[in-house]
Amino acid sequence: MLRVQADDLDQLTPLFERYHGPLFGFLTRLNHGDQEIGQDLTQNVFLRVLKYRASFRAGLRFRTWLYQLARHVHADHWQQRRPAPPTSTTWSTPRPTAAPPRLTSRPPIAPSRCRRR
């Protein structure tokens, strides 16, 4: 990987040949066996290896760094597939069409009919 960092891109071929199969299997399992998505994400991981090769720190394992990139590519893929949030955040409440019935709809009781104690 250090040679790839020094812009010797021919050294990327042995890395690709060594890690393509295991990485493809890892990403396919993360996507519930979907090989098409696994292949697309594997390709995206190696594109990120090229893009972010300067961020690789010497002394660390390349495999750990590669699989961290793979997890990020997988998370980005699923974030893009998430449905968009609704555009309106206000809830619409139905408006009543008629006035509610009055609670005192009966005629008042005549005072003569009321009991006194």
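Residues numbered from 1 in each chain as written. Predicted model: local features only at pLDDT ≥ 70, side-chain atom pairs only at ≥ 80, totals over all residues. Heavy atoms only, no water.

The subject of this paragraph is the packing of aromatic side chains. Going through the model one piece at a time under the given rule, you end up with six aromatic pairs. Taking 5.1 Å as the distance between ring centres and 65° as the angle between the ring planes, the aromatic pair formed by Phe 26 and Tyr 67 counts as edge-to-face. Placement of the pair is Phe 26 in helix H2 (residues 12-30) and Tyr 67 in helix H4 (residues 62-81), with a sequence separation of 41 residues. Comparing Phe 26 with Tyr 67, the two get one shared label, buried. (Phe/Tyr/Trp six-rings, centres within 6.5 Å; stacked < 30°, edge-to-face > 60°. Helix = DSSP H or I, 4+ residues; strand = E, 2+ residues; numbered from the N terminus. Buried < 20%, exposed > 50% of the residue type's maximum accessible area, 1.4 Å probe, protein only.)

Below, the discussion takes up the confidence of the model for the chain. Taken residue by residue, the chain gives an average pLDDT of 82. The fraction at 70 or more is 69%. Ranking the helices and strands of the chain by mean pLDDT puts helix H3 (residues 35-51) first, with 94, and helix H1 (residues 2-5) last, with 71. (pLDDT = per-residue confidence, 0-100.)

So, on to the environment of Trp 78. Relative to the assigned elements, Trp 78 resides in helix H4. Of the residues examined, Trp 78 reaches a relative accessible area of 33% and is grouped as partly exposed. In this structure the side chain of Trp 78 is engaged in a polar contact, spanning 3.0 Å, whose partner is the side chain of His 74. (Polar contact = N/O pair within 3.5 Å; in protein donor to acceptor, adjacent residues only side chain to side chain.)

Two packed helices can be described by the angle between their axes and the distance between those axes. Interaxial distance between H2 and H4 falls to 11 Å at its minimum, and their mutual angle equals 40°. Classified by the interaxial angle, the pair formed by H2 and H4 is oblique. Of the two elements, H2 crosses H4, and the hand of that crossing is right-handed. The residues of H4 that touch H2, namely those facing Leu 15, Tyr 19, Pro 22, Leu 23, Phe 26, Leu 27 and Leu 30, are Phe 62, Arg 63, Leu 66, Tyr 67, Ala 70, Arg 71 and His 74. Per-class residue counts for the contact of H2 with H4 are 11 nonpolar, one polar and two charged. (Axes fitted to C-alpha atoms, helices over the stretch in contact; angles between N-to-C directions. Parallel < 35°, antiparallel > 145°, perpendicular 65-115°, else oblique. Left-handed = near helix turned anticlockwise from the far one by under 90°. Contact = heavy atoms within 4.5 Å. Nonpolar A, V, L, I, M, F, W, Y, C, P; charged D, E, K, R; others polar.)

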